[in-house]
Amino acid sequence: MYLFSARDIVKKFSNHLALDKVTLNVPEGSVYGLLGPNGAGKTTLLRIINMITAPDTGNLYYSGRPLTQKDIFEIGYLPEERGLYKKMKVGEQSLYLARLKGMSKNDAMQRLKYWFEKFEIQAWWDKKVEELSKGMQQKVQFVTTVIHNPRLLIFDEPFSGFDPINTRLIKREILDLKKKGATIIFSTHDMGSVEELCDHITLINKSKTILEGDIHEIRHSYKSDIYELGFKMDPMGVMNELNGNFEIVGKNVSGTVHYLKIRVNPGFTGNDLLRKILPEIEITSFHEVIPRMNEIFIKVIEAQDKKQS
Amino acid sequence: MPAMNKTGLIISREYLTRVRKKSFVIMTILGPVLFAAFLIIPTWIAQMEDQGLTRIAVVETSAYGDPLPDSLQFFRDVIPDRENMQFDYLTNMRLEEMLRTYEATDYDGVLYLPQSLVSSGNRAVVEFYYRKLPSVSVESHISGSLENHLFNNKLIVRNIPADLIESLETSVSLNRVSWENWPEMVEDATDLKRGLGFVVGFLIYFFIFFFGAQIMRGVLEEKTSRIVEVIVSSVTPFQLMLGKIIGIGLTGLTQFLVWLILTFGITTVAQQIMMPNPATVATELNTPTNIMENNVIHEVPSQTGMENNAATGVMSGMIRQLGQINMPYLIIAFIFYFLGGYLLYGSLFAAIGAASDNDTDTQQFMLPITIPLILGMFVMINASMNPSGQLAVIFSMIPFTSPIVMMARIPFGIPFIEVLVSGAILILTFTGTTWMAGKIYRTGILMYGKKVTYGELWKWIRYKA
């Protein structure tokens, strides 16, 4: 069951095509990563999901029916360009934003109290936003994004501008929100956080979807039969042992442990490799190398760019 | 929550944050002081000017410049002293002699009157030597007195009795009677209507400019602080724009109301202090210190009394004439044209704010807004003089000038159909501009770092929703 779907979204601006038939299916309760280089069209897509801009063609569905203006009460949006009214007090402003999301004054106060306590920022309530540091403002903004218990959360580059401590805090909150049943879409350049948080991803480049699906499936589909072997011994012996069926593609040393990256040629398996070297060395670790999202990202985009030029 | 409530939330935020600002409170209190100062200071300055005594030496000579004794002086005591002017008529004095010793005297000026002046025709020039440039009132007092004296002299020379001249004079003024009232004769209130129309038209002009600029700055603030994207993920850009325009409009109305009340209060009190009633003037005049302290009341008592009677006459006349003006109609029209004009220009100001990144960016789009407004102001002045003229009629139909121009015409009781047509055009146009501004606004608020051209704006207007 998809909580949110965007089908064949096309959006054209005066001189360029921002989105070209982009489709997005977000399963309920998942964390969905929207990836792509700068200018790929991610922010435009997120704005369309938030009904800030309308697509030229294509349809949006929420909970299986067409998305309507009413549904935005169930969406929380943290835009890439953060901002609050600088002269307005933190508490008053949070209350205002919560009420714009359809909350009653009492509900909003209660929820704000909960979140301000959770983030230990009660002391800021009567401060003007301009008196807070940038990181503090980001925390307030995060609270105002999640305050109305949205079913669907959309974060555009949520970690940009946060220090590592706050980044960790936000990551935890995202996973916590997921645990409580929220569905989260976020865009990012930080591939580490994608691996940490995402269940599904869509990769957009030059207005088009070029990769999408379950993150584990994607990573597995990009593996190229490479294994990493860790052992204690002179590596020369092992290297001599390996014949044409196994190819060493990388080596590394950490203390007394040597690591070799070995590609297993077609027709052979990791077990064949182990069998071959088991008598020779003292193995400390052995695992298949699953490509990092970072590598996949670069590889896929470079391939597309090359194809186009 | 229905859409209207959200617009209401925006309106109340716009209103409350502005009304609670220190600058608003200060301006609301200070504004009337400034306004009152505008009304009072010119009067005060006019009085100041004539403070200080101007002493002038009058040197009269024969037609050839020879000094004359008192008995032979033709212009002796012709120019009377005033409270702030003193004329000393010198005896047996040549001009050159006077000018040479001038340094040693404390005269502010020397008026030279050769007796050849008596035989001058229709134009005469008199020399006045000054240390300190004489004020206009001193000059006009001198020339007026001399003109009078020479005129009377000519009457005597031609043997014409003075009362004959007086009996020949007839002053003609028009008693304006509108056909609307005929055959009933109604006291004419044209001057009052002019004044009223002018003031009301100017109020609208001022309000549109002042609070329109606030809309623009408000939009710009939301844009530069980047909060706008958060807001438009909760409400439509159109709601946000409308909420802002209405909220600021209410702020303006509040401030204006307070200003009006305070200005009226301050001016009344100030006038009470500066222009006491005739009874007290008469008693105060007896104490010489008061004469120096307060020059306003230093008049011949009977004259002051007359002027005051005239003033109260004008006041009671105005109050009587106000009865002729359909006040409820005027007030409704004011509110309508004020709102129409404010919405029309307010939405354009909002669009400008949305299309700009900073204050300097707004300049390029300001001209098309300021030109019709200022034009409206000029035509309004004309319209209050000639409310049924072609110019006034045309510009009271054009929606960009009609709120200002029509208000100057309405006190004159123009045909209702004209008001109806002009009002309908205004409603249609502000609906159109609001819609158009909404489109520019929607695109503009999310657009950064781009120098926007008029062509670009046109594209934004045509974008699909």
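This part is about the overall build of chain B. When you go through chain B residue by residue, the secondary structure sums to 17 helices and 4 strands. Here chain B, with 465 residues, has 30% of them falling under the buried criterion. When contacts within chain B are restricted to residue pairs at least 6 apart in sequence, long-range pairs at least 24 apart make up 74% of them.

Here we take up the domain arrangement of chain A. Annotation of chain A at the domain level lists domain 1 (2–220) and domain 2 (224–288). The C-alpha centroid of domain 2 of chain A is placed 44 Å from the C-alpha centroid of domain 1 of chain A.

The biggest cluster of nonpolar side chains holds 126 residues, and the ones touching the most others in it are A:Ile154, A:Ile184, B:Ile204, B:Ala350, B:Ala351, B:Val405 and B:Met407. If one sorts the elements of this core by residue count, helix α12 (residues 327–355) of chain B sits on top with 14 residues. Ranked by size, the runner-up nonpolar core spans 17 residues in total, among them B:Ile79, B:Met85, B:Leu111 and B:Leu113.

All names here are of chain A. Strands sit in the order β6-β7-β8-β3-β9-β10 across an open sheet of 6 strands; the sheet is mixed. The sheet is open, and its two edges are formed by β6 (75–78) and β10 (208–214), each paired on a single side. With direction set aside, neighbouring strand axes in the sheet form an average angle of 15 degrees. Where strand β3 (residues 31–35) and strand β9 (residues 200–205) come together, 4 bridges link them in parallel fashion. Along β9, the bridge assignment pairs Leu34 with Thr202. Across the face of the sheet, helix α1 (residues 42–49) comes into contact with β3, β7 (152–156), β8 (183–187) and β9 while running at roughly 155 degrees to β7. Seen against the sheet, helix α10 (residues 293–308) touches β3, β9 and β10 and runs at an angle of roughly 35 degrees to β9.

Residue and element names in this part refer to chain A. The backbone phi angle of Met51 is positive, close to 60 degrees, even though this residue is not glycine. Within the fold, Met51 resides in the loop between α1 and β4 (57–62). Judged by the 18 C-beta atoms lying within 10 Å of it, Met51 is partly exposed. One non-glycine residue with positive phi stands out, namely Lys206, at about 50 degrees.

Residues and elements named next belong to chain B. Within the fold, Met216 resides in helix α6 (residues 190–224). Residue Met216 is classed as buried on the basis of its C-beta count, with 25 C-beta atoms lying within 10 Å. Sequence spacing of Met216 and Ala37 is 179 residues, and the spatial spacing of their C-alpha atoms is 29 Å. Apart from residues no more than four positions distant in its own chain, Met216 is found in contact with Phe349, Ala350, Ile352, Gly353 and Thr362.

Rules used throughout
Residues numbered from 1 in each chain as written. Chains lettered and ligands numbered in written order. Predicted model: local features only at pLDDT ≥ 70, side-chain atom pairs only at ≥ 80, totals over all residues. Helix = DSSP H or I, 4+ residues; strand = E, 2+ residues; numbered from the N terminus. Buried ≥ 20, exposed ≤ 12 C-beta atoms within 10 Å, placed from the backbone. Contact = placed C-beta atoms within 7 Å. Domains from an automatic or database assignment. Core = buried A, V, L, I, M, F, W, Y, C linked by C-beta atoms within 7 Å. Pairing = 2+ DSSP bridges. Axes fitted to C-alpha atoms, helices over the stretch in contact; angles between N-to-C directions.

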